[in-house]
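Chain residues, written in single-letter form:
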Amino acid sequence: MQSEYDVLIIGAGLSGIGMACHLQRETAGKRVVILERRNAIGGTWDLFRYPGVRSDSDMFTMGYDFRPWRAPRVLAAGGMIRDYITETAREYDVEKAIQFGVKVISADWSTERQRWQVSGLLESSGEVRHYSCSFLISCAGYYNYDKGYLPKFPGIERFQGQCIHPQFWPESLDYRGKRVVVIGSGATAVTLVPALANEAAHVTMLQRSPSYYLSVPGYGKLLRRLEKILPRRWLYGFVRSCNIGLQRFIYNRAIGNPARMRNYLLGQVRKALGEDSDMRHFTPDYQPWEQRLCVVPNGDLFKAIKRGQVSVMTDEIVTFVEQGVRLKSGAVLEADIVITATGLQLQTFGGTALSLDGHVVQASQLVSYKSTLMQNLPNLAFILGYVNASWTLKADIASRYICRLINYMDQHAYAVVIPRAPEGEASGESAMNTLNSGYIRRGNAELPRQGRHLPWRVLHAYGADRDMLLDTPVADEFLEFSPR
């Protein structure tokens, strides 16, 4: 099967559907195909099915800029987000462009043809399909869908209960009346623990080190009142703008005055749990926003702790035993089910092997241009959202920039664009250098390099990125264009 397209998008998740919709809205007559490995739209929000799975960014900024989120829920359940993405694909008539069940395995740029030759594996049959496109856009995110991160726990084979990784949650898992231990203290653990607490006999969150928590309202009550007196179109745009500013304010305060932000966040936890709470389990040994904040809707985690349904332990695992885990303190934590919410494995471009005229390219050794194109790679773009704000804020403006670039090339009869970085531009940092979370440190070698100067430096700042991607001229001294 040989198929010729103008644009090939890898992934039909939040980023891929958004990119396709922007192309539909902002470019003319492009032949677009979306290759999606799974058999449904949604990406991350179709993969993760564990109890309580939800966004950890407010949906007014996580929703697309061209199709506002209009439900009152501030942090939405995974199923609601999946439905929102699917409805968007149908509304903008891009669902028909998706080929499901196709894993992109390789992409080779042909200088002679000025096109990417893409190979995709139809996993249900083992058939390899071949595609050709002028522009290749990766919307596959930054982590490995095949496996999450699982440390080597000594003695895990002796454990007589069930051991589950949240990335592969079994639909048939029955945790009612069971003793559950959740290993981890990040966003997944903080989401899972209160969701399990109502039916499990008891849930223990076992952490090696604490995280920072930020309590937010689960529903926009004020929004519901304002809906009755203000036009919806104006209202939701206003709320989105306010939340963008609030996200940036919190982040800037954390970076600029970490001690004050630390006191505020810890004070919020102390207030939720009571003055006699043991704050050792909630006091991290790093500053706010060195790792991502864990969002707690309506304080649900703290309420479950106060009700006695949940306990938090800060300790290290020495070994698994038949009935649970033995800790460094000497205690044995008994469990029927152990859930290893231990993080992600990073991966660029969904694991696609890239090459130029048959010569393998390691994208992790290159720097990104405006965090959307890649040094020395022709007609290749990628969507990498924010890690310190809502993912879609960056995905939207990056998609709009790519549309600007494609339109510019059409207007000037260009077939190829290649970003060329100055000598020595790459630094030793990764493109996600704002965080030192464990999954980012582990995956440092997999990520593109951080540049030393603009436009090669990844900013993680919405206002500055918006100016750079949408307001500055498309052509500059770093982009090399070639005619057809």
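In this text the structure is predicted, and so the values were computed from the model without any measurement.

(A) Inspection of the pattern of salt bridges at higher detail. Applying the stated criterion to the full structure yields 23 salt bridges. We note a salt bridge from R67 to E91, for which the minimum N-O separation is 2.7 Å. Here R67, found in the loop between helix 3 (59-62) and helix 4 (78-91), pairs with E91, found in helix 4; they are 24 residues apart in sequence, far enough to count as distant. The class for R67 is buried, based on a relative accessible area of 16%. Among the ionic pairs, R420 bridges to E480, the shortest N-O distance being 3.3 Å. Taken together, the positions of R420 in the loop between strand 22 (414-419) and strand 23 (426-430) and E480 in strand 25 (residues 479-483) put the pair 60 residues apart, joining distant regions of the chain. Taken together, the shared-partner salt bridges in this structure form one network comprising E4, R113 and R115.

(B) Representation of helix 8 (residues 258-273) within the structure. For helix 8, built from 16 residues, the straight-helix expectation of 22 Å at 1.5 Å per residue is met to within 8% by its first-to-last C-alpha distance of 23 Å. Listing the buried residues of helix 8 in full gives M261, L265, L266, Q268, V269 and L273. Across the axial projection of helix 8, the buried residues extend over an arc of 150°, all falling on one side. Exposed residues on helix 8 whose side chains face more than 90 degrees from its buried face are R260, N263 and K271. The inward-facing, buried residues of helix 8 abut strand 10 (213-216), helix 7 (232-256) and helix 9 (300-306). Downstream of helix 8 by one or two residues, G274 has phi in the positive range, about 105°.

Each value, and the rule that gives it
- Residues numbered from 1 in each chain as written.
- Predicted model: local features only at pLDDT ≥ 70, side-chain atom pairs only at ≥ 80, totals over all residues.
- Heavy atoms only, no water.
- Salt bridge = Lys/Arg side-chain N within 4 Å of Asp/Glu carboxyl O.
- Helix = DSSP H or I, 4+ residues; strand = E, 2+ residues; numbered from the N terminus.
- Buried < 20%, exposed > 50% of the residue type's maximum accessible area, 1.4 Å probe, protein only.
- Expected span 1.5 Å × (residues − 1).
- Arc of directions from axis to C-beta.
- Contact = heavy atoms within 4.5 Å.

From the geometry alone we can't say anything about function, so treat these as descriptive.
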